[in-house]
Amino acid sequence: MSDISAAQVSESTPNRVFSTRLSGPGVAAAVFFFGASLVPSLLPRTGLFQGLVSGVTLMIGYGLGVLAQWLWNYLEIPTPGPGTTMRRVLFWGTVAVVGFVAVATTWRQVGWQNDVRELFGMDSIGPSVWVPIIPITLIVATVVLILARSLRRLFQLFAHRLTKIMPRRVARLLGGVALAVLLLFLVNGVLIDTFFGVANSAFSVRDTATAEGVTQPQSSERSGSPESLIAWDTLGRQGRSFVASGPSVDDLNEFHGGGAEQPIRIYAGLKSADTLQQRADLVLQDLIRAGGFDRELLVVATTTGTGFLVPEGMDTLEYLHNGSTAIVGVQYSYLPSWISLLADQEVTKETSQVVFRTVHDYWSSLPEDSRPEIYLFGLSLGSFGVESILSSISIINEPIDGALMVGPPFVNDLWNEITDARDEGSPAWLPIFEEGRTVRFTSLENALDVPRGEWENTKLVYLQHNSDPVSFFSPSLALRSPEWLEEGQRGPDLPAAMSWTPFVTMWQVMMDLPAAGNVPPGYGHLYQSGEYLDGWLGVTEPAGWADGDTEALRELLERLDAKREAAG
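Given the structure is predicted, the values throughout are model-derived calculations rather than measurements.

**As for the overall build of the protein**
Across its full length, the protein carries 18 helices and seven strands. For the protein, the spread of C-alpha atoms along the principal axes amounts to about 90 × 50 × 45 Å. Per-residue burial over the protein gives 49% buried out of 568 residues. Accessible surface, the protein as shown: approximately 27300 Å² in total, 59% of it carbon and sulfur.

Structure, rendered in structure tokens:
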């Protein structure tokens, strides 16, 4: 290449970038990886989503095949010559193995998906699912290939410039390092910052809107009401939905037969005050104004990314305690949880700790016999915030009464520690820790009574599904089979055909993450009101509650869930 000018290289770039020539080893690896992308994972997939996953996966395989070929040639390892028996054996052997994997997985893909869909109570699919899979896979693969070849041409230009002043191999090495540094800078310093900036701007605009059918509450027990210290238009989209919803006194009286109170809901949005501490002080003052410390229960809830507090969890608690509740939430981000999980972990911790400390300090100053029981709640990234509170030194002298943590993400340190230290014989997806004296786990089927130890005063509950990739994804899946996939350890919502394959399983579960909330309730990252009912019953243990009450409330909650689903 040293005798080719930079201009010639530049002129040839488009042809090479868009060339139809492909690497033989790259194609073989691509076909194998395409087959691997079709094996069953935690969640069912649509044809559109499978095409996206398969297109990216195919090109990862192609890239690894090309890299292997380059490394082989770079090390000058001998290869069988054209027309030799060994070359024919290697070629046809590779075709046979790769072809078998591709045909077998393609043939079984519809059956695998239907097994998962049947497990989740979804309608089955037919071979027509391949209509979107094939073109989308090819389109995605083509786009990725063009981008990769463009980067390769850029590397060649760098290397060519350097060959004028240094040996060829040194030039290629330094050119590669320079390009890697440039790409790292572009990705970390430009693309990621731009992505988060654009996402934050887009979702902050959405936060100013109000969901259809949501109107300002008139009850003094709600933030955003005319009597509230927190203005309605500062609560954000999710905050306005939270304070304007939930069971009314009439709804509660109809179920309990009387004696209901209007549930208290206190909330501050990002625009409610300039600083986090000011927002925390504001919710405390609004909570005092609304009479929150005179109720039976006080719940400090950490929201998910956009400020969302799940109705199934909040409404259930209020029904359970006939409205003698106060729930406090503070928004910390405009971003959805899947982005907040990457960008807002420290913000989540800080918000959780500051809001809790502010409320807890006041609560601790009240007479013990006249203050409410105090609990924590967190769904998804919210449970990450709850864990940061549980590890805080501020609750040692005045411990909380309990916490309900739902769909804990794989980044939760305490959750991981408890799971790893679980009692012998208990499964990883439903651990028993120290005989359940403080911490217990449950799932779609209530399992809070499984541990034999006596539950102590502070009760912590984790609600999780074995089919939830938010909880059970881990980079370690690349090299180690997880215990929750082993025989005798698997949960009832785990697809029977799912097994562990190095790297493949990690990639497949990672690809499940964006779809974790697009499944029927009771699976993946969607939790039903009945599951929240079991969790809240275990954590709060309402006085005078009977089994018949549980079944009656469960039926009511199922009807409410059906209404929410019908309303979209």
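Anyway, onward from the coordinates.
**Comments concerning the nonpolar core**
Residues Leu 287, Leu 376, Phe 377, Trp 484, Tyr 532 and Trp 536 are the most contacted members of the largest nonpolar core, which totals 95 residues. The biggest single contributor to this core is helix H9 (residues 276–290), with seven residues. Residues within four places of Leu 376 in sequence aside, it is in contact with Val 299, Val 300, Phe 356, Val 386, Ile 389, Leu 390, Ile 400, Gly 402, Ala 403, Leu 404 and Trp 536. Leu 38, Met 59, Val 110 and Trp 130 belong to the second-largest nonpolar core, a separate cluster that totals 12 residues.

**Quick look at the environment of Glu 373**
Within the secondary structure layout, Glu 373 lies in strand S4 (residues 373–379). On a C-alpha basis, the gap between Glu 373 and Leu 298 in space is 6.1 Å, while along the polypeptide they are 75 residues apart. Reaching out from Glu 373, the side chain makes a polar contact with the side chain of Tyr 375 at a distance of 2.5 Å.

**Some words on the packing of aromatic side chains**
What the rule picks out here adds up to 12 aromatic pairs. For the ring pair Trp 415 and Phe 472, a centre distance of 5.9 Å and an interplane angle of 70 degrees mean the geometry is edge-to-face. One end of the pair, Trp 415, is in helix H14 (residues 413–420); the other, Phe 472, is in helix H15 (residues 469–472), with 57 residues separating them in the sequence. Here Trp 415 and Phe 472 have matching classes, each one buried. Members of the aromatic cluster, each reached through a chain of ring pairs, are Phe 377, Tyr 532 and Trp 536. Above the ring of Trp 363, the side-chain terminus of Arg 371 is found at 3.8 Å from the ring centroid. A cation sits over an aromatic face here: Arg 440 above Trp 455, 4.4 Å from the ring centre.

**What about the pattern of salt bridges?**
Taken as a whole, this structure holds 12 salt bridges when the rule is applied. Residue Asp 315 pairs with Arg 564 through a salt bridge whose shortest N-O separation is 2.6 Å. Of this pair, Asp 315 sits in helix H10 (residues 311–320) while Arg 564 sits in helix H18 (residues 547–567), placing them 249 residues apart in sequence. Taking relative accessible area as the criterion, Arg 564 reaches 25% and is therefore assigned partly exposed.

**Concerning helix H13 (residues 381–390)**
Of all 10 residues in H13, 10 are buried, a share of seventy percent or more. Along H13, the residues that are buried comprise Leu 381, Gly 382, Ser 383, Phe 384, Gly 385, Val 386, Glu 387, Ser 388, Ile 389 and Leu 390.

**Points about the environment of Pro 520**
Looking at the element boundaries, Pro 520 is found in the loop between helix H16 (504–512) and helix H17 (529–540). For the pair Pro 520 and Phe 255, spaced 265 residues apart in the sequence, the C-alpha separation amounts to 27 Å. When neighbours within four sequence positions are excluded, Pro 520 is seen to be in contact with Phe 120, Met 122 and Leu 526.

**Section: the pairing of strand S1 (residues 264–268)**
The element S1 is largely enclosed, with a buried count of five among its five residues. In S1, alternate side chains face the same way, and those of Ile 264, Ile 266 and Ala 268 on one face and Arg 265 and Tyr 267 on the other are all buried. Both S1 and strand S3 (residues 325–330) contribute to a ladder of five bridges, which runs parallel. The partner of Arg 265 across the bridge, within S3, is Ile 327.

**Notes on unusual backbone geometry**
The backbone of Phe 503 shows a phi angle near 65 degrees, a positive value even though the residue is not glycine. As for its placement among the helices and strands, Phe 503 is situated in the loop between H15 and H16. The exposure class of Phe 503 is exposed, given its relative accessible area of 52%.

**Describing the packing of helix H3 (residues 47–74) against H16**
H16 packs onto H3 with a crossing angle of 145 degrees between their chain directions and a minimal axis gap of 11 Å. H3 and H16 meet at a crossing whose hand is right-handed. Within the contact between the two elements, H3 uses Phe 49, Val 53, Val 56, Thr 57 and Ile 60 and H16 uses Trp 507, Gln 508 and Met 511.

**Topic: the confidence of the model for the protein**
Confidence in the prediction of the protein, expressed as mean pLDDT, is 87, and 91% of residues score 70 or more. Scored below 50 in pLDDT, residues 1–15 makes 16 contacts in the model with residues more than four places away or belonging to other chains.

**Comments concerning the pairing of S4**
Burial within S4 is extensive, with six of its seven residues counted as buried. Two elements, strand S2 (residues 297–302) and S4, share six bridges in a ladder whose sense is parallel. Residue pairing across strands places Thr 302 opposite Gly 378, the latter belonging to S4. Pairing geometry for S4 and strand S5 (residues 402–406), over five bridges, is parallel. Counted as the bridge partner of Gly 378 is Met 405 from S5.

What counts, and where the lines are drawn
Residues numbered from 1 in each chain as written. Predicted model: local features only at pLDDT ≥ 70, side-chain atom pairs only at ≥ 80, totals over all residues. Heavy atoms only, no water. Helix = DSSP H or I, 4+ residues; strand = E, 2+ residues; numbered from the N terminus. Buried < 20%, exposed > 50% of the residue type's maximum accessible area, 1.4 Å probe, protein only. Areas by Shrake-Rupley, 256 points an atom, 1.4 Å probe, with all protein chains shown as cover. Core = buried A, V, L, I, M, F, W, Y, C linked by side-chain atoms within 4.5 Å. Contact = heavy atoms within 4.5 Å. Polar contact = N/O pair within 3.5 Å; in protein donor to acceptor, adjacent residues only side chain to side chain. Phe/Tyr/Trp six-rings, centres within 6.5 Å; stacked < 30°, edge-to-face > 60°. Lys NZ or Arg CZ within 6 Å of the ring centre and 35° of its normal. Salt bridge = Lys/Arg side-chain N within 4 Å of Asp/Glu carboxyl O. Pairing = 2+ DSSP bridges. Axes fitted to C-alpha atoms, helices over the stretch in contact; angles between N-to-C directions. Left-handed = near helix turned anticlockwise from the far one by under 90°. pLDDT = per-residue confidence, 0-100.

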